[in-house]
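Structural characterization, general
Letter by letter, the chains look like this.
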Amino acid sequence: DPFLTTQLATLCSPAVEQPRFNQLVRALYTSLIRSVISHAFPQAVAECPTRMAETNPRGILRASMVDRSTSTVVVDIARAGILPSQICFDTLNEILDPACVRQDHIIMARTVDGDNRVTGAEISGQKIGGPIEGRHLLFPDPMGATGNSLAQAIELFKSGDFGKPDAIFSLNLIVTPQFIKRLKTAHPECVI
């Protein structure tokens, strides 16, 4: 998408400062979450009366629409994922039944060795609101670098008594080959 690629290139520019930086993150994540919803969320054919239905019996909109009952959890990985997570959470609440949308939080940081090379990630806090069984699990995080943080965050949900999600999505603006390899090895079910 040339429009979004141009916005992403602007975001990556060292000259971009606040408030423009957050404005671009908002624009990019609003487009990204809308794309995920349109292509990966369940849909159902629905009928909605329009304002024209009052004067014309054919004033009914019949179309494939997002299934508003799709249970979804947006995971905020505190660092760069705070703003993207909030954008996705707010957008999902606009299109889905808000009772079906939840936001969980994980506080984590990279771990490094004596030479300051990344060795993994460490979780220092979490607020998980309950089971993920049958839900769409979304991880909005702008930069997919090593994949260690996301792999560990997914493992946290999979190893607990939270159940099995219906689908797992990684929503990134930029990813490295190392990120893709790590995720595909550790969690092949994750959609990047």
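What counts and how
Residues numbered from 1 in each chain as written. Predicted model: local features only at pLDDT ≥ 70, side-chain atom pairs only at ≥ 80, totals over all residues. Heavy atoms only, no water. 1 Å grid on protein atoms, 1.4 Å probe; cavity = no way out; pocket = protein on both sides within 12 Å on 5 of 7 lines; lining within 4 Å. Points joined across faces, edges and corners; volume = space filled by probe spheres on them. Helix = DSSP H or I, 4+ residues; strand = E, 2+ residues; numbered from the N terminus. Buried < 20%, exposed > 50% of the residue type's maximum accessible area, 1.4 Å probe, protein only. Pairing = 2+ DSSP bridges.

1. A short note on empty space enclosed by the protein
Any empty space left between atoms is shown by rolling a water-sized probe over those atoms. The full count for this structure, using the stated rule, is 1 cavity of 30 Å³ or more. Of the pockets and cavities examined, the largest cavity occupies roughly 80 Å³. Arg79, Arg110, Asp141, Met143, Gly144, Ala145, Thr146, Gly147, Asn148, Ser149, Leu150 and Phe179 are the residues that line the largest cavity. Elements that contribute at least two residues to the lining of the largest cavity include exactly strand E7 (143–144) and helix H4 (148–159). It is H4 that provides the largest number of residues to the lining of the largest cavity, a total of 3 residues.

2. Topic: the pairing of strand E6 (residues 136–140)
Extensive coverage of E6 is indicated by the burial of 5 of its 5 residues. Burial along E6 is two-sided: the residues His136, Leu138 and Pro140 and Leu137 and Phe139 are all buried. Pairing geometry for strand E3 (residues 72–78) and E6, over 3 bridges, is parallel. Bridging from a neighbouring strand, Val74 pairs with Leu138 of E6. Here 5 bridges tie E6 to strand E8 (residues 167–171), and the two strands are oriented parallel to one another. In the strand pairing of E8, Leu137 is matched with Ile168.

3. Things to note about the pairing of strand E4 (residues 101–112)
Relative to E4, E3 is paired through 7 bridges, and the arrangement is parallel. Bridge pairing in E4 links Ala78 to Ile107. Inspection of the sheet shows E4 paired to strand E5 (residues 118–127) by 8 bridges, in the antiparallel sense. If you follow Ile106 over to E5, its bridge partner there is Gln126.

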